[in-house]
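# Residue-level structural notes
For reference, the chains in residue letters:
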Amino acid sequence: MNTQLYAPGYKAKPYWWDHTPRPALNEVPLPEKVDVVVIGSGYTGLCASLETTRGGRHTLVIDAQDAGWGCSTRNGGQVATGLSVGYERLVRKHGKALGYAIAREGHNALAWICDFIEAESISCEFRRSGRFCGAHSLRAYEALARMYGRPPPQGLETDCHMVTQADLRSEIDSDFYHGGVVHPRHAALNPARFHQGLLTRAIDDGVSVIANCAASGIDKSGSGFVVNTTKGSIVTHDVVVATNGYTGHATPWLRNRIVPLGSYILATEPLSKDVIDRLLPHDRMMTDTRKMVVYYRTCPERRRILFGGRVSVREEDAHSLAPALHRQMVQIFPELSATRISHMWMGFVGFSFDRLPHLGRQDGIYYSMGYCGSGIALSGYMGMRIGQQVLGLAEGDSPLNRVRYQGRPYYWGKPWFMVPALHYYKWRDALT
Ligand SMILES: Cc1cc2nc3c(=O)[nH]c(=O)nc-3n(C[C@H](O)[C@H](O)[C@H](O)COP(=O)(O)OP(=O)(O)OC[C@H]3O[C@@H](n4cnc5c(N)ncnc54)[C@H](O)[C@@H]3O)c2cc1C
């Protein structure tokens, strides 16, 4: 190991897990019969289960690994409106009314998570930090200025403001960007603590959660289903699939529609307060306009920088990509060239082909997934909505129910096209 790159005590696991270890759940036997089985114990699954259990349905959440082992305890903690397709494109593709309603869902999700954390008193270092998106080129800056210069339709306002290159140092001590835009409503949280809070609420409200219990298949049976798992079979009236970027062979229809893509994060060793205060004076969540996404922030204690992104066109184990991710961080902050890495990890985000999240019901099975890398607010919000749909509540309806969830010919869950696609993105970033 290159000792100059890694801090003593280096861990190839999420920084968040140091303070919020993987939950030790009481061992409970697999029930024979429940009303609802939720597959996947991340934000989507837990928020769905909170609705169904509070609606009086005996609900079981199962996870193939520890509770919350997927993206929900690994992410960057940047809370945004989430949709990666802009309003104008939505309108072009889906018409004015549906396009607007879909765009609103991003805003609804952000408002929902802020209210939810407060209403449930979940202690997760949540704060309205705002989020800065840096322009990696002059053209990117001009494109941002054009996009945010047009007044948005009522209900889609973001209160954002442009930051010119001359004023850049008010946001970041770096020469890398040509200015950028600040979204003041966006927020920060500690993802593992948010998950822990959700898990505690769900269990306190009567949800059974069984870890290390992988669903291997779902069979139709009478008016319901039998879910086959590594711990046995369960008879249930309803099933919710909440496996997002980890969706596998148990649900082939969904596996053929979700594209898992690795996202990688490092944590630096502790830095001095002076350095942190200078590099990121407003302590916002940070990202930029490149297609090969990067995102970064300080940790809640404001001692380290957590820096994430897509560093390679191929999936590799997180540790082997640490040097490449470190180089990306140093491109933005040259003075961190000698700063060592204390943690390095990755997780699989779930993309859809149309870059929209999807929820609905197929062959009687409910699902919600495809948040395209920006799912903290969306996954909880849509998990809640799908839980309401299980209960048959009118408020569970989402405009995203009316968008067809499509796969692609010759796609069966292994994204063979990602290598050329990511090469193209790199080329675009260099050119624009
Ligand atoms: C490195 C990284 C950084 C990210 N940063 C951000 C960010 O800053 N902001 C943001 O908004 N979003 C971010 N995201 C995305 C966000 O974390 C996800 O969109 C969100 O957590 C999805 O939650 P989920 O519950 O749908 O899925 P997950 O949390 O991934 O949960 C899915 C679960 O399903 C389980 N599972 C899979 N198959 C089975 C089976 N057969 N049986 C039982 N269980 C199964 C898995 O074990 C897993 O625990 C990031 C993601 C990653 C990986």
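Residues numbered from 1 in each chain as written. Predicted model: local features only at pLDDT ≥ 70, side-chain atom pairs only at ≥ 80, totals over all residues.

Helix and strand content of the protein chain: 11 helices and 19 strands. Computed over its C-alpha atoms, the radius of gyration of the protein chain comes to 21 Å, within 12% of the 22 Å expected for a compact globule of 432 residues. Pairs at least 24 residues apart make up 74% of the contacts formed inside the protein chain by residues separated by at least 6 positions. (Helix = DSSP H or I, 4+ residues; strand = E, 2+ residues; numbered from the N terminus. Rg over C-alpha atoms; globule rule 2.2 N^0.38 Å. Contact = placed C-beta atoms within 7 Å.)

Taken together, nine strands build an open sheet; the order of strands is β1-β17-β13-β16-β15-β14-β5-β7-β6 and the sheet is mixed. Two strands in the sheet have a free side with no partner beyond their single neighbour: β1 (6-11) and β6 (161-163). Averaged over all adjacent pairs, the angle separating strand axes in this sheet is 25 degrees, with direction ignored. Pairing between strand β15 (residues 294-298) and strand β16 (residues 305-309): five bridges, direction antiparallel. Directly across from Thr298, in β16, lies its bridge partner Ile305. (Pairing = 2+ DSSP bridges. Axes fitted to C-alpha atoms, helices over the stretch in contact; angles between N-to-C directions.)

We now examine the site of the ligand. Near the ligand you find 45 residues, and of these Gly42, Gly70, Gly76, Gly347 and Gly375 are the closest. Secondary-structure elements contributing two or more residues to the shell around the ligand are α2 (43-54), β13 (259-268), β17 (341-351) and α10 (376-390). In terms of residue class, the shell around the ligand is built from 19 nonpolar, 24 polar and two charged. (Near = placed C-beta within 6 Å. Nonpolar A, V, L, I, M, F, W, Y, C, P; charged D, E, K, R; others polar.)

With that out of the way, let us pick up the pairing of β15. Within β15, five of the five residues are buried, which leaves the element mostly enclosed by the surrounding structure. As judged from the two bridges shared by strand β14 (residues 285-288) and β15, these two strands associate in the antiparallel manner. In the strand pairing of β15, Met286 is matched with Tyr296. In this structure, the hairpin formed by β14 and β15 is closed by a connection of five residues. Between β15 and β16, which pair antiparallel one after the other, the connecting turn spans six residues, and Arg302 there sits at a positive phi close to 60 degrees. (Buried ≥ 20, exposed ≤ 12 C-beta atoms within 10 Å, placed from the backbone.)

This part is about the packing of helix α4 (residues 96-119) against α10. Between α4 and α10, the least distance of the axes is 8 Å, while the angle of their chain directions is 80 degrees. Taken together, the axes of α4 and α10 lie roughly perpendicular to each other. Contacts between α4 and α10 involve Asn108, Ala109, Leu110, Trp112, Ile113 and Phe116 from the first element and Ile376, Ala377, Leu378, Gly380 and Tyr381 from the second. (Parallel < 35°, antiparallel > 145°, perpendicular 65-115°, else oblique.)

A few words now on α2. Taking 1.5 Å of rise per residue, 12 residues should cover 16 Å, and α2 covers 16 Å from first to last C-alpha, within 8% of that figure. In terms of burial, α2 is largely enclosed, as 11 of its 12 residues are buried. Those residues of α2 hidden inside the fold are in contact with β2 (33-39), β3 (59-62), α6 (191-204), β12 (232-241), β19 (365-369) and α10. Positive backbone phi, at 90 degrees, marks Gly56, one or two positions downstream of α2. (Expected span 1.5 Å × (residues − 1).)

Turning our attention to helix α9 (residues 322-332). What α9 keeps buried is the set Ala322, Leu325, His326, Gln328, Met329 and Ile332. Looking straight down α9, one finds that the buried residues subtend no more than 155 degrees of arc, so they occupy a single side. Pointing more than 90 degrees away from the buried face of α9 are the exposed residues Arg327 and Gln331. (Arc of directions from axis to C-beta.)

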